[in-house]
Amino acid sequence: MNSRASVSAGFQLEKPRAFLLWGIDEAALVNELERFGLRRVTDGYYTIACTSLGGLKHMLGFHFEPRTSGKLARLEFFRTQYDDLKASFAEFQRHLTGAFGEPTEVGPISCGVPTYRWVIDTVVIVHSLFERFGPEEQLYIGNSAFRKS
């Protein structure tokens, strides 16, 4: 199954090797990833260093909704250090396009780059830069079937 087709069901991590279903609960996520350095940040939010999207090394945040006794609803991709924000953006974008094809929408330009958006069934992928105490990269994949709103 390719990335585009499988993202409707969940998300594939390459390292550690795991396929995480949308709607998984926190206990199941902890059971699956705890031995690989999964870190609880706060209620309903965990992070891990991993590889996905065809060899891209990054940090991944897991957001559960609701925050207590919730289901996995959103993945947040980030780095612990941004030496070159534009290079980071370009690298993430190459891997996203390689995994999911061309974006469904190319939106307004912010901080010198367009906002890219993919809509695949109930899944939305957004990659952008925005201004927050200086430019900041934002990349998330969310499944609206498990969103509270």
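Up top is the structure these notes are about.
Rules used throughout
- Residues numbered from 1 in each chain as written.
- Predicted model: local features only at pLDDT ≥ 70, side-chain atom pairs only at ≥ 80, totals over all residues.
- Heavy atoms only, no water.
- Helix = DSSP H or I, 4+ residues; strand = E, 2+ residues; numbered from the N terminus.
- Contact = heavy atoms within 4.5 Å.
- Polar contact = N/O pair within 3.5 Å; in protein donor to acceptor, adjacent residues only side chain to side chain.
- Buried < 20%, exposed > 50% of the residue type's maximum accessible area, 1.4 Å probe, protein only.
- Arc of directions from axis to C-beta.

Novice: Give me the environment of E137: which residues, what numbers.
Specialist: Mapped onto the fold, E137 is located in strand β10 (residues 135-143). For the pair E137 and H127, spaced 10 residues apart in sequence, the C-alpha to C-alpha distance is 7.6 Å. Apart from residues no more than four positions distant in its own chain, E137 is found in contact with Y82, L85, S88, F89, F92, H127, S128 and L129. A polar contact of 2.7 Å, which involves the side chain of E137, links it to the side chain of S88. Looking at E137, its side chain comes within polar contact range of the side chain of H127, at 2.7 Å.

Novice: A description of helix α2 (residues 26-33) should follow, citing residues and the corresponding values.
Specialist: Along α2, the residues classified as buried are E26, L29 and L33. Take α2 and look down its axis: the buried residues cluster within an arc of 60°, on one side only. In α2, the exposed residues that point more than 90 degrees away from the buried face are A27 and N31. Lining the buried residues of α2 we find β1 (10-13), β2 (18-21), β4 (45-52) and β5 (56-65). Where α2 begins, one side-chain oxygen reaches toward the backbone nitrogen of A27, 3.3 Å away; that side chain belongs to D25.

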